[in-house]
Amino acid sequence: MQRKTQTNEKIKKAFIELMKTKGFEHLSVRDITSLANINRSTFYAHYEDKYDLEKYFEDTILSELSEKLQDNLDTTMQYQDVTQGVEPYTVLTTIMEYVASEFELVKVLMNSNGTTFETRVKKILRQVIDQGLYLKKGNDKMERQIPNDYAYEIIVSGLMDTIKYWLSKEKPENVNTIVDIIMKTRYLSPYDLLGVDDRKV
């Protein structure tokens, strides 16, 4: 069991490095086994090909993240006055702590051409929002001034874009800082974020 874990860790490290230097389309199983210093037969004992390997990493990330979130979905989204400081949602901290723990792997999966990984992550985020709305309001309806699907897309895509930008930084902020940034964006309007006070216009 320990030997299998060590082998998988070698493959994982090789996969991440090759994704950064060659990209998914140009890396090969031979590249992975060479960099991981394992036999090709050892690789094929675990995975069918590089596509199966990528799917394994995606499935593992999403499964572990979902499992961690299960223990935190009973916390609800309460409105907070940003001028008084905001307390982070437990689910958001859980998400960002997990992303930080698998930072490099999540980063390369997000950048992989043609992957469905981002779409699958967004699905989990929508489920988190759904749960929060049910706990807070007893339903999953958002503001009636715009269609529900647009409201979801604005919130989920905004969160995803922030995570992707965080992943792309050469010196990313620590978890507490990025969570604080995200929390404040939930309560600040675009005018607030840009420092524009329309009362002075």
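Residues numbered from 1 in each chain as written. Predicted model: local features only at pLDDT ≥ 70, side-chain atom pairs only at ≥ 80, totals over all residues. Heavy atoms only, no water.

**Student:** Explain the environment of M96 to me, please; I cannot follow it from the model alone.
**Tutor:** Of note, M96 is situated in helix α5 (residues 90-101). We classify M96 as buried; its relative accessible area is 0%. Each C-alpha atom, one on M96 and one on N174, is 9.5 Å from the other, the two residues being 78 residues apart in sequence. (Helix = DSSP H or I, 4+ residues; strand = E, 2+ residues; numbered from the N terminus. Buried < 20%, exposed > 50% of the residue type's maximum accessible area, 1.4 Å probe, protein only.)

**Student:** What's the story with unusual backbone geometry in this structure? I'm lost.
**Tutor:** Across residues other than glycine, the phi torsion is negative in most instances, and most of the peptide bonds are trans. In this structure, N37 takes a positive phi of about 60° despite not being glycine. Its place among the elements puts N37 in the loop between α2 (29-36) and α3 (40-46).

**Student:** Explain helix α9 (residues 175-185) to me, please; I cannot follow it from the model alone.
**Tutor:** Residues lying three or four places apart along an α-helix face the same way, a consequence of the helix completing one turn every 3.6 residues. Those residues of α9 lying buried are V175, I178, V179, I182 and M183. Summarising the axial view, the buried residues of α9 lie within an arc of 140°, below the 170-degree limit, and thus occupy one face. Where α9 is buried, its residues touch α5 and α8 (148-168). (Arc of directions from axis to C-beta. Contact = heavy atoms within 4.5 Å.)

**Student:** In this structure, what is going on with the confidence of the model for the protein chain? I would like to understand it.
**Tutor:** As a note on interpretation, predicted positions should not be read in detail where pLDDT is low. Taken as a whole, the protein chain shows an average pLDDT of 84; of its residues, 80% reach a score of 70 or greater. Within the protein chain, the element-level pLDDT minimum falls on helix α10 (residues 190-194), averaging 69, and the maximum on α2, averaging 97. (pLDDT = per-residue confidence, 0-100.)

**Student:** What exactly am I supposed to notice about the pattern of salt bridges here?
**Tutor:** Here the idea is simple: oppositely charged side chains can pair when their charged atoms come close. Tallied over the entire structure, the rule returns 10 salt bridges. When the shortest N-O distance is used, the salt bridge between K12 and E102 registers 2.8 Å. One end of the pair, K12, is in helix α1 (residues 2-21); the other, E102, is in the loop between α5 and α6 (103-111), and 90 residues separate them in sequence. One salt bridge in this structure joins K122 and E153, with 3.0 Å as the shortest N-O distance. On the criterion of sequence distance, the pair formed by K122 in helix α7 (residues 117-137) and E153 in helix α8 is long-range, its members being 31 residues apart. Here the salt bridges share partners, and the residues they tie into one network are K55, E58, D59 and R120. (Salt bridge = Lys/Arg side-chain N within 4 Å of Asp/Glu carboxyl O.)

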